Number of protein chains: 4
Amino acid sequence: MDGLAPGITVDTDLIAHQLLLRRPAGKTGTARREEDPFRIVSGMVNGKTTGTPLCLLIPNSNQRSGDYAALSGLARPGHADYTAQCKYHGFQDARGGGHFSGRITAALVASCAILAGALKQKGILIGTHVQECGGVRDRAFGNLNEDITHLNGQVFAVLDDAAGESMRAVIEAAGAEGDSVGGILETAVTGLPAGLGEPWFDTVESLLAHAMLSIPGIKGIDFGIGFDGVRLRGSEYNDAFRMENGTVITETNRNGGINGGITNGMPVCFRLAVKPTPSIYKEQKTVDFLTGENKPIAIAGRHDPAILHRARVVADSMTALVIADLLAGRYGTDYLADERK
Amino acid sequence: MDGLAPGITVDTDLIAHQLLLRRPAGKTGTARREEDPFRIVSGMVNGKTTGTPLCLLIPNSNQRSGDYAALSGLARPGHADYTAQCKYHGFQDARGGGHFSGRITAALVASCAILAGALKQKGILIGTHVQECGGVRDRAFGNLNEDITHLNGQVFAVLDDAAGESMRAVIEAAGAEGDSVGGILETAVTGLPAGLGEPWFDTVESLLAHAMLSIPGIKGIDFGIGFDGVRLRGSEYNDAFRMENGTVITETNRNGGINGGITNGMPVCFRLAVKPTPSIYKEQKTVDFLTGENKPIAIAGRHDPAILHRARVVADSMTALVIADLLAGRYGTDYLADERK
Amino acid sequence: MDGLAPGITVDTDLIAHQLLLRRPAGKTGTARREEDPFRIVSGMVNGKTTGTPLCLLIPNSNQRSGDYAALSGLARPGHADYTAQCKYHGFQDARGGGHFSGRITAALVASCAILAGALKQKGILIGTHVQECGGVRDRAFGNLNEDITHLNGQVFAVLDDAAGESMRAVIEAAGAEGDSVGGILETAVTGLPAGLGEPWFDTVESLLAHAMLSIPGIKGIDFGIGFDGVRLRGSEYNDAFRMENGTVITETNRNGGINGGITNGMPVCFRLAVKPTPSIYKEQKTVDFLTGENKPIAIAGRHDPAILHRARVVADSMTALVIADLLAGRYGTDYLADERK
Amino acid sequence: MDGLAPGITVDTDLIAHQLLLRRPAGKTGTARREEDPFRIVSGMVNGKTTGTPLCLLIPNSNQRSGDYAALSGLARPGHADYTAQCKYHGFQDARGGGHFSGRITAALVASCAILAGALKQKGILIGTHVQECGGVRDRAFGNLNEDITHLNGQVFAVLDDAAGESMRAVIEAAGAEGDSVGGILETAVTGLPAGLGEPWFDTVESLLAHAMLSIPGIKGIDFGIGFDGVRLRGSEYNDAFRMENGTVITETNRNGGINGGITNGMPVCFRLAVKPTPSIYKEQKTVDFLTGENKPIAIAGRHDPAILHRARVVADSMTALVIADLLAGRYGTDYLADERK
């Protein structure tokens, strides 16, 4: 990770915690988890960033035995097997491995935890809940800072425990049938100054959407009231401005904290559509792209019937990355350092 | 516009046509429209691109008289007046002018028409319809190439004329009440090769979302079945692969033509949430950010009760920009030239 | 030009002045010059930058009559005729026109004059002299701020008037023989804070070299004592540090104000090798790349026997561009605004 | 390293060989060298690149014991100690360590060896010799491909062995006096197609200069005849074109294979000014930037009296990086793959 301000305190406990939230688990997060060991090999001295590139390593304890000759041409539906073949002409890592492994998000989560810690020092909080899963909905955000603090301590991030229980039941039921479920994540960012972002090409929506839609399984994003607002009239949708304690605020936040691509000082809120995990046990129709034959596929191995509760920490991490970049661009490269500005 | 391949035929009729689709009109597109005059001052010789930067000018026939001293601090709800003040400290163009004017999309539409023409030569078509407006829904896409060809000739782009009539009635009714409406656009791209895009950071979804969410008024995007698919199970969502005439296709297209961030050769499809136009005649609550007072605002002047039917050609233009960039990056800078490759 | 801080005062006199320095003239700068008319069509309100893209137009009063059919395949030695053909396959502007015309530097000089004015407000001065031309050398820089102020008022920028007279005589003599001369420019930047630049990939030397070697005719750059220092020993080359009035300075400046890619607070100094103007009247050997024949070429028309005294203001402009970018990146996007920070 | 084409054969012997050329050695390259062990942990399968990011690790066998409390404020003249303090505010790695260690070039050399191998498959060769060191000059390039092949096998890269002996004697003599020497490197690239590069902003000269001036100790670059050509007249400097075996060539190569920023098909040639190694044993004047006192410094430890013969392989590596990028941009991302195009 390059571009870090010098002098940011690296909170290794937070890194370990974020990695924990990302890990797969027995059933939906109830089983014992071991830590991912990580090692920072450059860019940190005495627990603080140096300002030069930070390299963090997470050894892959679970490496394949190397029999790459067995690369199958059987394309798993919903996966990148076939598209990787089109792009990489057969030289890609074996099905689901290497750069296409979900494991690659571990390094992202770990390094962005440094940013999340630095943003918190500046009063900027980021949190995500499972807003909907398998038809069950969590309660809406209330007091955002309290809710975010609560969520960031939870393995299965919901605001309403009962809803969480129901979601887990749905996930387990799907898993028991060899199937999978998706859902919706909702992310909120509080404490952002007004005036971040560009009116064109690099709006805050553009930058966040770019980052979020790079996360595997995310197929949509909307800001504020988003798709739910398309049937409102302007008079219902517009957020009225009001002075409060000498500050301009909006009475509602249907625009998700962004007007004309630029932050308005209200919380930035967005939702993510998470598709159901494509890895399922049920037999599916597909092709062998090496032989050009239609063939059935039944995917063996262990796989989670849902990933959205784990994707949540990846969403938080990518959000931290975008916000840190915006702040450094706007206020200069030292902005996130502990002891400056 | 830089990065154009040399030797692309510049279709000035297509430029004029695309500009026409973008123009405001009496009621919702029924009145007589005059052309935006444009002039290409560099980057074209004998009707073909040179390969060096192309500069296209559209004179602003409707310039303000220049009394910029009257910059008001009254923030129009839903607009960038307040956020522009936060970012530009009072030096920005007057309310709604300059870079914040919708007029800025004219140059974008005009220059991207060159790309759209070149893409068409390669068999790549782009089209958008108003999928939903004011609670009225257009019919779904059917034969995509036919539908796109039809849409690109329409000022108010719908597949079902009756639905279009109803939408226009809703828009006019809202306008008559001094209010506005939003809706959903749906865009399809056909003819793309499989293997475009990156598995991380620059997925095709990321690049398209980045571009689309830079368009004023767009607050959400989803790909394929998107948010509507979050309640499906994996076995319902996954697109089965099948061989057809020696080519790998998918039987459904719930992933919107993209697997793992990379095109799979199926049409790329996405929807855009367009918020209701923030300019309304009804009185609204707001603040004067220069004086810090709460004040009502009533926005005078002429403004459209809906912009989504005009935003549609901006969406097509930004799509052409992203696709042309992807192709040039993948296959080299000469790819879109008429007479090469 | 995008990325300008909002609120920079645009000094149109300085723009006109810089354009004047760039213009060709009878003999070497002695004849009467008319102004290039320019017009700022966006990005400026009431004489200050808005912070959104600034568009400045300089109409081309001297446009070709349009007979592009006469594109010759006769490659002028030292020019881009042949390489443009290889890159643009015959679609490029006719020989020496369009993007390959030296005229393109006018817009660059004009827009960078805005940066030069803003940098001056921050105490950062940029100036260039003709260090050597046709074997004649100017005197070395002395009091830098005084010398720069002097140079920026001169059409033929030398510190020693007698040297300048001799240079002009050499240039005119070469011109009289249908030949041309080159030389060396030396640029100095004073007032820069220490700590700008990156240790790798984007060193200050890298950024300045990138910019300078994009100027037509520049074939080399060195910093501080540069190539002249390669025979010194380390003990002779190293710049000793010393405290002076509470500030760290170096006693000499052989490193040109940059250590490890980062500014050290001393003036940044570099030299540019300017090749002799390739346009000469003397007959030369060449090929017709359209027919594949060896042919002689004699270049008609008016052309200067030297351009280095005009390239000097282009070098100043590109330097301002790099420095402004470095400062905005380091200290934030508002840094160059008049009334902030 | 990201952006590698899929299917490039990774020649680990070449990587080891390039690392060997970079290593310090007893006296000037005569002593026994051990290999740097390296490990490729991603981006390669069965000895070929996958097309996704390649991660190569070189463990630091020689790590500091960690007593970072001893960070001294004594700025070594010619080094980045003081500028790093200005940029990183005391959080940087200790003097000469971390990102400021010359050791960081090892990873660069190793990964660029993959590119060098792939370029060679396309007939593109890169080589560098010590053109001048301590006042001794090597012979000029003759048959370039033969000379490059010869140089790439040499630890101390000269074309004339006797000159190399004299250079080494000069280096050792300087070392014996606790001093150091610099010199000039000359790099040549053969086999490049005509038509690479941009006429403005990203000329081939700009891109190569950007890369080269990022290498520690490089203070200047010139192309072709460069600074030596500034006293020539245009008629002497211009390279005449001529047809040879159906191809356009130039009779001389004073422009270093580049016209108007674009390759012309002739070898690309440039020289680099390498300053004398700043680490010397002789006592020097400096300051303690933590206390603000003037103090003498005597640098202990082992350091080479010259680095230019080692910097040569770093120059070759950075050249390979720039050329590979240019080719992938021009001809598409698969261009360097073994079995395609």
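Computed from a predicted structure; not experimentally measured.

(A) Representation of the sheet that holds strand β7 (residues 183-190) of chain A in the model. Across the sheet, which stays open at both edges, the 10 strands sit in the order β6(A)-β5(A)-β7(A)-β13(A)-β8(A)-β8(B)-β13(B)-β7(B)-β5(B)-β6(B) with antiparallel pairing between neighbours. Two strands bound the open sheet, and with one partner strand each, they are β6 (136-137) of chain A together with β6 (136-137) of chain B. Strand contacts of helix α4 (residues 144-152) of chain A: β5 (125-133) and β7 of chain A, with the helix running at about 75° to β5(A), the strand carrying the most contacts.

(B) Main features of the pairing of strand β14 (residues 284-288) of chain C. Residues and elements named next belong to chain C. Most of β14 is tucked away, with four of its five residues classed as buried. Pairing of β14 with strand β15 (residues 293-297), which is carried by five bridges, proceeds in the antiparallel orientation. Bridge assignment links Thr286 to a residue of β15, and that residue is Lys295. Where β14 folds back on β15, the antiparallel hairpin that results is connected by four residues, among which Gly292 adopts a positive phi of roughly 75°.

(C) The arrangement of the relation of the copies chain A and chain D in detail. Relative to chain D, chain A is turned by 180° and slid 0.0 Å along the rotation axis, the superposed coordinates differing by an RMSD of 0.0 Å. With respect to symmetry, the two chain copies, as superposed, fit the operation of a two-fold axis. Among all residues of chain A, the one whose C-alpha sits closest to the rotation axis is A:Leu57, at a distance of 5.2 Å. Taken as a fraction of all interface residues of chain A, those also at the interface in chain D reach 100%, which identifies the copy contact as same-surface.

(D) Structural view of the packing of aromatic side chains. Under the defined criterion, the tally for this structure stands at 26 aromatic pairs over all chains. With a centroid separation of 5.7 Å and an interplanar angle of 50°, the aromatic rings of A:Phe223 and A:Phe270 are classed as tilted. With A:Phe223 in strand β8 (residues 218-223) and A:Phe270 in strand β13 (residues 268-274), the pair connects residues that are 47 residues apart, well separated along the chain. Like A:Phe223, the residue A:Phe270 is buried in the burial classification. Both rings, one in B:Tyr88 and one in B:Phe100, keep their centres 6.1 Å apart while their planes meet at 70°; by these two values the pair is edge-to-face. Remark: B:Phe100 occurs in the loop between α2 (81-88) and α3 (105-121) and B:Tyr88 occurs in helix α2; sequence separation between them is 12 residues. One aromatic cluster is present, formed by A:Tyr82, A:Phe289 and B:Phe241 through successive ring pairs. Here A:Lys122 stacks its cationic end above the ring of A:Tyr335, 4.9 Å away from the centre of that ring.

(E) A look at the pattern of salt bridges. By the definition in use, this model includes 72 salt bridges over all chains. A salt bridge links A:Glu132 to A:Arg137, with the nearest nitrogen and oxygen atoms 3.2 Å apart. Residue classification places A:Arg137 among the partly exposed residues on the basis of a relative accessible area of 44%. Between A:Arg242 and A:Glu244 there is a salt bridge, and its shortest N-O distance comes to 2.7 Å. Beyond isolated ion pairs, a larger network of salt bridges with shared partners links A:Arg242, A:Glu244, A:Glu251 and B:Lys285.

(F) Spotlight on the relation of the copies chain A and chain B. Expressed as a screw operation, the relation of chain A to chain B combines 0.0 Å of axial shift with a rotation of 180°, fitting to an RMSD of 0.0 Å. Counting the interface residues of chain A, we find that 100% of their copies in chain B are interface residues as well, pointing to one common contact surface.

(G) Quick look at the interface of chain A and chain D. Listed per partner, the contact involves 23 residues of chain A and 23 residues of chain D. Taken over both partners, the interface formed by chain A and chain D buries close to 1,900 Å², and the fraction arising from carbon and sulfur atoms is 67%. The interface formed by chain A and chain D contains zero salt bridges. Inspection of the region where chain A meets chain D yields two residue pairs in polar contact (both at pLDDT 80 or more). Elements with a minimum of two residues in the side of chain A that touches chain D: β3 (48-49) and α2 (81-88) of chain A.

(H) How the structure looks around the packing of helix α1 (residues 12-22) of chain C against helix α8 (residues 308-331) of chain C. Residue and element names in this part refer to chain C. Viewed as axis vectors pointing N to C, α1 and α8 meet at an angle of 145°, and their least axial separation amounts to 7 Å. Contacts between α1 and α8 involve Gln18, Leu21 and Arg22 from the first element and His309, Arg310, Arg312, Val313 and Val314 from the second. Among the residues making up the contact of α1 with α8, the classes are represented as three nonpolar, two polar and three charged.

(I) Layout of the environment of B:His210. Mapped onto the fold, B:His210 is located in helix α6 (residues 204-212). Taking C-alpha positions, B:His210 is 9.4 Å from B:Val322, a pair spaced 112 residues apart along the chain. Among residues more than four places away in sequence, those in contact with B:His210 are A:Phe201, A:Asp202, A:Ser206, A:Leu207 and A:His210. Within the local environment of B:His210, its side chain forms a polar contact with the backbone oxygen of A:Phe201, the two atoms lying 2.7 Å apart.

(J) Molecular detail of the packing of helix α6 (residues 204-212) of chain C against α8(C). Residues and elements named next belong to chain C. Put simply, α6 and α8 touch, their axes get as near as 9 Å, and they point 140° apart. Considering their axes alone, α6 and α8 lie oblique with respect to each other. Judged by the sense of rotation from one axis to the other, the crossing of α6 with α8 is right-handed. Here α6 contributes Val204, Leu207, Leu208, Ala211 and Met212 to the contact with α8, which in turn contributes Ala315, Met318, Thr319, Val322 and Leu326. Broken down by class, the residue content of the contact of α6 with α8 amounts to nine nonpolar, one polar and no charged.

Criteria and thresholds
- Residues numbered from 1 in each chain as written.
- Chains lettered and ligands numbered in written order.
- Predicted model: local features only at pLDDT ≥ 70, side-chain atom pairs only at ≥ 80, totals over all residues.
- Heavy atoms only, no water.
- Pairing = 2+ DSSP bridges.
- Helix = DSSP H or I, 4+ residues; strand = E, 2+ residues; numbered from the N terminus.
- Contact = heavy atoms within 4.5 Å.
- Axes fitted to C-alpha atoms, helices over the stretch in contact; angles between N-to-C directions.
- Buried < 20%, exposed > 50% of the residue type's maximum accessible area, 1.4 Å probe, protein only.
- Least-squares fit on C-alpha atoms with pLDDT ≥ 70 in both.
- Phe/Tyr/Trp six-rings, centres within 6.5 Å; stacked < 30°, edge-to-face > 60°.
- Lys NZ or Arg CZ within 6 Å of the ring centre and 35° of its normal.
- Salt bridge = Lys/Arg side-chain N within 4 Å of Asp/Glu carboxyl O.
- Buried area = accessible area lost by both parts, 1.4 Å probe.
- Polar contact = N/O pair within 3.5 Å; in protein donor to acceptor, adjacent residues only side chain to side chain.
- Nonpolar A, V, L, I, M, F, W, Y, C, P; charged D, E, K, R; others polar.
- Parallel < 35°, antiparallel > 145°, perpendicular 65-115°, else oblique.
- Left-handed = near helix turned anticlockwise from the far one by under 90°.

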